[in-house]
Amino acid sequence: MKLSNLATVLRAAGLTVVETPGWARRGYAGQDLQAIRGIVWHHTVSNRASFASNDAPSLNVCTYGRPDVAGPLCQIVFGRSGTVYLTAAGLSNHAGKGIAAGIPRDAGNHYLIGIEMESSGVAPWDWTADPIRVAPHLGAALERAYLGHLPEAQRLQISHREYSSEGKIDPAGWPGGMDGLRNSINAV
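Quick caveat: nothing in here was measured; it's all calculated off a predicted structure.

About the thresholds
- Residues numbered from 1 in each chain as written.
- Predicted model: local features only at pLDDT ≥ 70, side-chain atom pairs only at ≥ 80, totals over all residues.
- Heavy atoms only, no water.
- Helix = DSSP H or I, 4+ residues; strand = E, 2+ residues; numbered from the N terminus.
- Buried < 20%, exposed > 50% of the residue type's maximum accessible area, 1.4 Å probe, protein only.
- Lys, Arg positive; Asp, Glu negative; His and termini not counted.
- Salt bridge = Lys/Arg side-chain N within 4 Å of Asp/Glu carboxyl O.
- Polar contact = N/O pair within 3.5 Å; in protein donor to acceptor, adjacent residues only side chain to side chain.
- Contact = heavy atoms within 4.5 Å.
- Core = buried A, V, L, I, M, F, W, Y, C linked by side-chain atoms within 4.5 Å.
- Pairing = 2+ DSSP bridges.

Q: What's the story with the side chain of R26 in this structure? I'm lost.
A: Looking at where R26 falls in the secondary structure, it is placed in the loop between strand 1 (17-19) and strand 2 (38-43). The charged side chain of R26 is buried without a salt bridge, its nearest counter-charge being E19 at 10 Å. Only 2.7 Å separates the side chain of R26 from the backbone oxygen of T87, close enough to count as a polar contact. Once you skip the residues sitting within four places of it in the chain, R26 turns out to touch T20, P21, T63, Y64, P72, T87, A88, A89 and G90.

Q: What should I look at first to understand the nonpolar core in this one?
A: One broad rule of soluble globular proteins: the nonpolar side chains tend to lie buried together. L10, W41, L138 and L142 are the most contacted members of the largest nonpolar core, which has 34 residues in total. Within the residue set of this core, elements represented by two or more residues are helix 1 (6-12), strand 2, strand 5 (76-78), strand 6 (84-86), strand 7 (112-117), helix 3 (129-147) and helix 5 (177-187). When residues of this core are assigned to their parent elements, the largest contribution, eight residues, is made by helix 3. Excluding residues that lie within four positions of it along the chain, L10 makes contacts with L15, V17, I76, V84, L86, L138, A141 and L142. Listed in part, the ten residues of the second largest apolar core include V40, A95, Y111 and L156.

Q: Would you take a moment to explain the pairing of strand 2 for this structure?
A: Two faces make up the sheet, and in a regular strand the side chains alternate between them. Along strand 2, six of the six residues are buried, which leaves the element largely enclosed by surrounding structure. The alternating pattern of strand 2 places G38, V40 and H42 on one face and I39, W41 and H43 on the opposite face, and all of these are buried. As paired elements, strand 2 and strand 7 share six bridges and run parallel to each other. When the sheet's bridge partners are listed, G38 is paired in strand 7 with L112.

Q: Can you walk me through the environment of P57 in this structure?
A: Residue position: P57 is located in the loop between strand 2 and helix 2 (59-64). Between the alpha carbons of P57 and H94 there is a distance of 17 Å; along the sequence they are 37 residues apart.

As structure tokens, then:
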């Protein structure tokens, strides 16, 4: 399954969307998702200095990968301005090892949409007003479009920390933690 209507879904929710070249055909190793059962929220671990001149300094690496991990590394890069950058419509290499309700062990890439939010991931936390304001709308739009077929209790909006069995901490420092993000998504 490809998220071929992703740009349309997010624009209909009033979000600013940038389509990276080739995103609609891109998937890790040419693969598609098996099914959509949730969203995993990450942070990019970007160098803070890069934020001064670039809304999404991790866009290239998230789209094409790095020497130790093949890309794409997510379906969405969430910029510092709240802009949504689409990197892949197919499978992305983001979840790593872990487990969540309704997801086979270590198979999150096949069932979970990955969002990489631009942040250094270290204190003092560098989340700005725009992503804090826009993230609930992004999460709600994805849930309405791709998770509506599931019972409400099975619509996963989880942090990488909650999924990972490898000690991941992201998205670190989000106001109110993942419960705060889920509550704001539910409010939308």
